[in-house]
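Fold and contact review
For reference, the chains in residue letters:
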Amino acid sequence: MSTHRASISDLAAQLNLSVSTVSRALSDHSRISDATKKRVWELARQLNYQPNQLAAALRKGRSNTLGVVVPHIDGQFFALVVKGIETIATQAGFNVMICQSNEDAAQEQKNVETLLNAQVDGILLSLSLSTHDFGYLEEIRRRGIPMVFFDRVVESQDVSAVVLNDYQGGYEAVCHLIEQGCRQIAHLGGPQHLNICRNRYQGYADALRHNGLPVDPALVNFSDLRIQDGRQGMECLLNQAPQLDAVFSCNDLALVGAMQIIKRRGLRIPQDVALAGFSNELFDSLTEPMLTSVDQRCEEMGRTAVKMLLELINEGPTKVAPRQVVLQPNLLIRESSLRSDLLQETKA
């Protein structure tokens, strides 16, 4: 069975017409007679001809494709951001190419090169954990390709970006733990060169200070926030500060690892150690107890970022001033941090 895909050249050869005539007939050009159009379309149906939409779009100066680079799509956050992006992009008539950097800066750069070679009309980018050098992004600027960052961003006034108020999310989570009677609150933090990790840590530290509590280095552990990092970090924290009574984690994945160690040590959640995380992952409602977490408004972030990108594409990147949109977090309180009932029983 032949796998040859019929082309315009095949149609032209069989009909003894020029390629340009066949192309005009397929696009319903007014200069082509109805009889010729009919002949062309009948043969196109017989040969199951499929027009090359990308080539046609490029001839018009656009690929109608948006590129998206995410660190990973393992968890719920980036998957839902991409869902929000695709919803709006599809409505606007654009396809979406999705690349994963797998938290690797070199792979992130290759992703961007792939998207540029595919002649995408714009790029949406969230940085990897290991990205420190942003020089490769200059090629995007040089080519005049519109770009919008989301979640993990280059902190500069001359880029367009959509972020969450990570500081406020961390601040509210820690204030909640303090309201539950916790006083020795540990933090599982991420790489501090990343805006999201640094801002969540700052929210943690300020919440402690504003409530008259010290920021104790023995209660802070920085890592890449994988499950195994949460396990190792929790072991270290409990060894250094066995009196700790709560943990605020920069993400929920590390918090699951921490939860395993807490239980292994025979400690109860939340009676002995209350827990609050960040990201509102799907598994938060499947753990025992269910995890308190900061919701990041994932789909809204994706929708907002792609709308911003489409505006840059339609108006031209030089005509729209760079701007940053900051979404407000929502603390979802679940059993892992609720100690108020226990406090009431103690007072009684």
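Structure: see above.
What you see is a predicted model, and the numbers here were worked out from it, not measured in a lab.

**Side note on the sheet that holds strand E10 (residues 292-295)**
- Spatially, the 6 strands line up as an open sheet ordered E7-E6-E8-E9-E10-E12, and their pairing is mixed. Looking along the sheet, the strands with just one partner apiece sit at the ends: strand E7 (220-222) and strand E12 (330-332). Pairs of neighbouring strands in the sheet enclose a mean axial angle of 15°, with direction left out of account.
- Both E10 and E12 contribute to a ladder of 3 bridges, which runs antiparallel. What sits directly across from Val294, in E12, is Leu331.
- Seen against the sheet, helix H9 (residues 195-210) touches strand E6 (185-189), E7, strand E8 (246-249) and strand E9 (274-278) and runs at an angle of roughly 170° to E6.

**Looking at the packing of helix H10 (residues 227-240) against helix H11 (residues 252-264)**
- Viewed as axis vectors pointing N to C, H10 and H11 meet at an angle of 50°, and their least axial separation amounts to 6 Å. Judged by the inter-axis angle, H10 sits oblique to H11. The interaxial crossing formed by H10 with H11 has right-handed handedness. Between H10, through Ile227, Gly230, Arg231, Met234, Glu235 and Leu238, and H11, the contact on the second element is made entirely by Leu253, Ala254, Gly257, Ala258, Gln260, Ile261 and Ile262.
- Partitioning the contact of H10 with H11 into residue classes produces 8 nonpolar, 3 polar and 2 charged.

**Things to note about the environment of Gly169**
- Topologically, Gly169 is positioned in helix H8 (residues 166-179).
- In this structure the C-alpha to C-alpha distance between Gly169 and Gly277, which are 108 residues apart in sequence, comes to 9.7 Å.
- If sequence neighbours within four positions are ignored, Gly169 has contacts with Phe278, Val294 and Pro329.

**Description of the sheet that holds strand E5 (residues 160-164)**
- Read from one edge to the other, the open sheet built from 6 strands follows the order E2-E1-E3-E4-E5-E11, with strand pairing classed as parallel. Strand pairing shows two members of the sheet lacking a second neighbour, strand E2 (95-100) and strand E11 (324-327), which therefore form its edges. Put simply, the sheet's adjacent strands are angled 15° from each other on average, direction ignored.
- Running at roughly 170° to E5, helix H12 (residues 298-315) makes contact with strand E1 (65-70), strand E3 (122-125), strand E4 (147-150), E5 and E11 of the sheet.

**Quick notes on H12**
- For H12, spanning 18 residues, the distance from its first C-alpha to its last is 26 Å, which sits close to the expected 26 Å at 1.5 Å a residue.
- Of the positions making up H12, those classed as buried are Cys298, Met301, Gly302, Thr304, Ala305, Val306, Met308, Leu309, Leu310, Leu312 and Ile313.
- Buried residues along H12 sit in contact with E1, helix H5 (76-91), E3, E4, E5 and E11.
- Gly316 occupies a position one or two residues after H12 and carries a positive phi of about 100°.

**Looking at the environment of Gln260**
- The topology assignment puts Gln260 in helix H11.
- Owing to a relative accessible area of 31%, Gln260 belongs among the partly exposed residues under this scheme.
- Sequence separation of Gln260 and Met234 is 26 residues, and the distance between their C-alpha atoms is 9.1 Å.
- The residues contacting Gln260, other than those within four sequence positions of it, are Ile227 and Arg231.

**Here we look at the pairing of E1**
- Most of E1 is tucked away, with 6 of its 6 residues classed as buried.
- Side chains Thr65, Gly67 and Val69 project from E1 onto one buried face, and the interleaved Leu66, Val68 and Val70 project onto a second face that is buried too.
- Direction of pairing for E1 relative to E2: parallel, over a ladder of 6 bridges. Bridged to Thr65 within E2 is Asn95.
- As judged from the 4 bridges shared by E1 and E3, these two strands associate in the parallel manner. What sits directly across from Val69, in E3, is Leu125.

**Some details on the packing of aromatic side chains**
- Following the criterion strictly, the structure yields 6 aromatic pairs and no others.
- With centroids separated by 6.0 Å and ring planes inclined at 25°, the aromatic side chains of Tyr167 and Tyr171 adopt a geometry described as stacked. In this pair, Tyr167 and Tyr171 both sit in helix H8, 4 residues apart, roughly one turn of the helix.
- Ring plane angle 70° and centroid distance 5.5 Å describe the contact between Tyr201 and Phe222, whose orientation is recorded as edge-to-face. Linking Tyr201 in helix H9 with Phe222 in strand E7, this pair joins segments that are 21 residues apart in sequence.
- Relative accessible area serves as the criterion here: at 43%, Phe222 is assigned to the partly exposed category.
- Of the aromatic side chains, those joined through ring pairs into one cluster are Phe77, Phe78 and Phe150.

About the cut-offs
- Residues numbered from 1 in each chain as written.
- Predicted model: local features only at pLDDT ≥ 70, side-chain atom pairs only at ≥ 80, totals over all residues.
- Heavy atoms only, no water.
- Pairing = 2+ DSSP bridges.
- Helix = DSSP H or I, 4+ residues; strand = E, 2+ residues; numbered from the N terminus.
- Axes fitted to C-alpha atoms, helices over the stretch in contact; angles between N-to-C directions.
- Contact = heavy atoms within 4.5 Å.
- Parallel < 35°, antiparallel > 145°, perpendicular 65-115°, else oblique.
- Left-handed = near helix turned anticlockwise from the far one by under 90°.
- Nonpolar A, V, L, I, M, F, W, Y, C, P; charged D, E, K, R; others polar.
- Expected span 1.5 Å × (residues − 1).
- Buried < 20%, exposed > 50% of the residue type's maximum accessible area, 1.4 Å probe, protein only.
- Phe/Tyr/Trp six-rings, centres within 6.5 Å; stacked < 30°, edge-to-face > 60°.

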